[in-house]
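# Observations on the model geometry
Chain by chain, the residues:
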Amino acid sequence: MKRKLVAAAVALALGAGVAATARAQVKPEVLVKQRQSALTLLGKYFGPLGGMLKGAVPFDAAVVARNAGYLEVLAKMPWDGFAEGTKGEKSHALPAVWSDAAKFKQAQDHLQTAVASLVTVSKGGDEAKTKAAIGDVGKACGGCHDNFREKR
Ligand code: ASC
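Numbers given to residues run from 1 along each chain, matching the order in which its sequence is written. pLDDT decides what is reported in this predicted model: residues at 70 or higher carry local features, side-chain atom pairs at 80 or more are listed and counted, and totals for whole chains, interfaces and linings draw on all residues regardless. Working from all heavy atoms in the structure, the side-chain values ignore hydrogens and water.

### Some thoughts on the nonpolar core
Buried residues of nine kinds, namely Ala, Val, Leu, Ile, Met, Phe, Trp, Tyr and Cys, make up a nonpolar core once their side-chain atoms join them within 4.5 Å. Whether a residue is buried, partly exposed or exposed follows from its accessible area with a 1.4 Å probe, protein chains only, as a fraction of its type maximum: under 20%, in between, or over 50%, in that order. L49, L71, L111 and L118 are the most contacted members of the largest nonpolar core, which has 28 residues in total. When residues in this core are grouped by element, the largest group, 7 residues, is from helix α5 (residues 101-124). In what follows, residue pairs with any heavy atoms lying within 4.5 Å of each other are defined as contacts. Apart from the residues within four sequence positions on either side, L118 is in contact with L49, V64, A68, L71, T130, A133, I134 and V137. Secondary structure elements are defined from DSSP: runs of H or I of at least 4 residues count as helices, runs of E of at least 2 residues count as strands, and each element is numbered from the N terminus.

### Focus: the site of the ligand
Being near a molecule or strand, for a residue, means having at least one of its heavy atoms within 4 Å of it. Taken together, G43, F46, G47, G138, C141, G142 and H145 make up the full set of residues near the ligand. Whenever two N or O atoms come within 3.5 Å, that pair is a polar contact, provided that in protein one can donate a hydrogen and the other can accept it, and provided that, for residues adjacent in sequence, both atoms are side-chain atoms. At 3.0 Å from an oxygen atom of the ligand is found a main-chain nitrogen or oxygen belonging to G138. H145 places a side-chain nitrogen or oxygen 3.4 Å from an oxygen atom of the ligand. Residue burial considers only the protein chains on display, and all accessible areas are found by Shrake-Rupley using a 1.4 Å probe. In isolation the ligand has 310 Å² of accessible area, and contact with the protein removes 55% of it. Within the residue set of the shell around the ligand, elements represented by two or more residues are α2 (28-54) and α6 (127-148). The element best represented in the shell around the ligand is α6, accounting for 4 residues. Amino acid classes used here: Ala, Val, Leu, Ile, Met, Phe, Trp, Tyr, Cys and Pro are nonpolar; Asp, Glu, Lys and Arg are charged; the rest, including Gly, are polar. Classifying every residue of the shell around the ligand by side-chain character gives 2 nonpolar, 5 polar and no charged.

All quantities given are derived from atomic positions and should not be read as evidence of function.
This is the structure we're talking about:
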């Protein structure tokens with residue numbers, strides 16, 4: 001029993017070490033690519049919902065619920081890619097990401113909160129409420145782009 005515990009502790013310690021090493025070794029350009037990939041997928045799975053909000057795409061509660069679940073996970077992924085070490089990399093990120101880190105974090109939290117609401121609301125199948133929640137997510141995307149992404 002004790003031996004098993006020790007083995008588990010050693011495995012945990014080794015695992016933590018490996019994770020820390022892996023993080024340290026990720027090249028800045030790879031972090032940029034990874035964060036851009038997560039943001040691209042956020043765009044992919046939000047796109048049709050934005051279309052439903054505008055009436056360009058027929059409302060489909062099942063698609064909203066599915067995509068909301070994807071968005072919930074994706075909305076957690078980009079942020080550790082904005083490491084200090086990536087400041088000098090070519091990207092559309094504005095310097096405010098690092099100079100106004102508290103506000104950037106607030107924008108991330110805003111998105112995650114809005115997406116969490118969409119997940120909940122979309123399960124209820126109420127079209128008007130779901131569309132309002134989609135609108136809130138869109139505002140959270142746009143709010144971050146306004147302040148932290150180069151205009152394009
Ligand atoms: C998208 C997408 C964005 C957001 C934003 C919402 O589908 O790619 O960047 O929605 O336009 O305000």
